[in-house]
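Chains, contacts and geometry: an overview
Given next are the chains, with one letter for each unit.
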Amino acid sequence: MYRIKQRIILLVLLAVFLIAPLQARAADYVIDSKKAHAFIQFKISHLGFSYVLGRFNHFDGVFSYDEKDPAASHVKVTVDVSSVDTNHAERDKHLRSEKFFDVKKYPKATFVSSSYEVTGDKRALLKGMFTLHGVTRPITIKVRELGAGKDPWGGYRRGFEGSLTLALKDYNINTSLGPAAKEVVLFLSLEGIRQK
Amino acid sequence: MAHETSEERFGAVLITLHWVMAVMIIALFFLGRFMVDLPYSHPWYHSAPHLHKSLGLFLLALLVIRSIWVIIIKRPALLPMPYLERITALFVQKSFYFLLFGITISGYLIPTANGSGVELFSLFTVPAVFTGFEHQEDIAGGFHYVLAYILIFFVLLHTIGALKHHFMDRDDTLTRMLGIRGKN
């Protein structure tokens, strides 16, 4: 009996320690990737003739945003790189291989913001460190604040879109796709649900 | 000279299937090995996989025919040989069927993973029947790769066995698969 009590106390303590940090971020938003109101898409030139478009299907992230102090905003996103989807199974397999993302070795891509600089009406520059293919580099995302408010189901949401251009070479992805395809443009559309 | 399978002899159909498939299997292995390393700008970047897939589908069709054939018509028994050799020979020969089904089916599951069909020599498209399994193309690709290497190892064993019987044991193992009347 004593032993069981001890275990229960231990479990309660453990639960408190695990849940406490989540509650401390009460004003934060969780990116609604579960219900797919968030998208990470990219496009890259195909030989200079057109674009291949793709997206990452699985990712999650959190951000904090205070209307009174936007500069204090903070974002963290983790992408499951193996969820790359260009609507072509063989191409996706190829992209996951060692020739490109090498997802066995580098399964996650992460972005952790360092600053948020408001540049104009509903516009900002989000800076931070982006890790892909084992390489971490500073990036700047051009952000547009889209909107915020109550949703019809009792929640509160806030959305942004952003874009940036990355050079494959910078992330040590060196398999050549031709001179027209050295850079990839990312487009982000992220909606967060405020945590109670 | 066409003849039928009997207790001692292989018929023309089995002999033809054996050698056509043998050539295709070896060609497919090296074509597969070669095509995955082609750079994007290589002229064969699209045509090599196209050929590989077409030949692979064709091989699967031949494999189905051959499997039915050997079920209906009993193939001739192995020639007398020591127990261990007999077990090895039979194991390798039977494994070919399982390996080949595994390789051709897993190969088919790669490009069809998101619902696209596979073309057979631009003649017609075999539709995707099993799709949408999470990371299907990667899992199928893994099986395809490993099984292909096991297969080519067994091809090597099979070849060494055939040559050993021909040159060392001097029996009809190889000649009867060539359709040549043996000395015995």
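Quick look at the structure, then. (Residues numbered from 1 in each chain as written. Chains lettered and ligands numbered in written order. Predicted model: local features only at pLDDT ≥ 70, side-chain atom pairs only at ≥ 80, totals over all residues.)

Of the residues making up helix H2 (residues 89-96) of chain A, those classed as buried are A:Ala89, A:Asp92, A:Leu95 and A:Arg96. The buried residues of H2(A) occupy one face: seen down the axis, they fall within an arc of 125°. On its buried face, H2(A) is in contact with strand E6 (84-85) of chain A together with helix H4 (136-167) of chain B. (Buried ≥ 20, exposed ≤ 12 C-beta atoms within 10 Å, placed from the backbone. Helix = DSSP H or I, 4+ residues; strand = E, 2+ residues; numbered from the N terminus. Arc of directions from axis to C-beta. Contact = placed C-beta atoms within 7 Å.)

What follows concerns the interface of chain A and chain B. In this complex, chain A contributes 11 residues to the contact, which on the side of chain B involves 11 residues. Of the residues that constitute the side of chain A that touches chain B, the class distribution is 2 nonpolar, 5 polar and 4 charged. (Nonpolar A, V, L, I, M, F, W, Y, C, P; charged D, E, K, R; others polar.)

Moving on: the environment of A:Ser113. All names here are of chain A. Looking at the element boundaries, serine 113 is found in strand E7 (residues 108-120). Sequence separation of serine 113 and glycine 155 is 42 residues, and the distance between their C-alpha atoms is 25 Å. Those residues in contact with serine 113 that lie beyond four places of it in its chain are His74, Val75, Leu126, Lys127 and Gly128.

So, on to helix H1 (residues 12-35) of chain B. All names here are of chain B. Here H1 contains 24 residues, and its C-alpha end-to-end distance of 34 Å stays within 8% of the 34 Å for a straight helix at 1.5 Å per residue. For H1, the complete set of buried residues consists of Leu14, Ile25, Leu28 and Gly32. Here the buried face of H1 lies against helix H2 (47-72) and H4. (Expected span 1.5 Å × (residues − 1).)

All names here are of chain B. Two elements in contact, helix H3 (residues 83-109) and H4, have axes separated by 8 Å at closest approach and are oriented at 150°. Accordingly, the angle class assigned to the pair H3 and H4 is roughly antiparallel. For H3 against H4, the interelement crossing comes out left-handed. Residue-level contacts link Ala89, Val92, Ser95, Phe96, Leu99, Gly102, Ile103, Ser106, Gly107 and Leu109 of H3 to Gln136, Ala140, Phe143, His144, Leu147, Ala148, Ile150, Leu151, Phe154, Leu157, His158 and Gly161 of H4. By residue class, the composition of the contact of H3 with H4 is 14 nonpolar, 8 polar and no charged. (Axes fitted to C-alpha atoms, helices over the stretch in contact; angles between N-to-C directions. Parallel < 35°, antiparallel > 145°, perpendicular 65-115°, else oblique. Left-handed = near helix turned anticlockwise from the far one by under 90°.)

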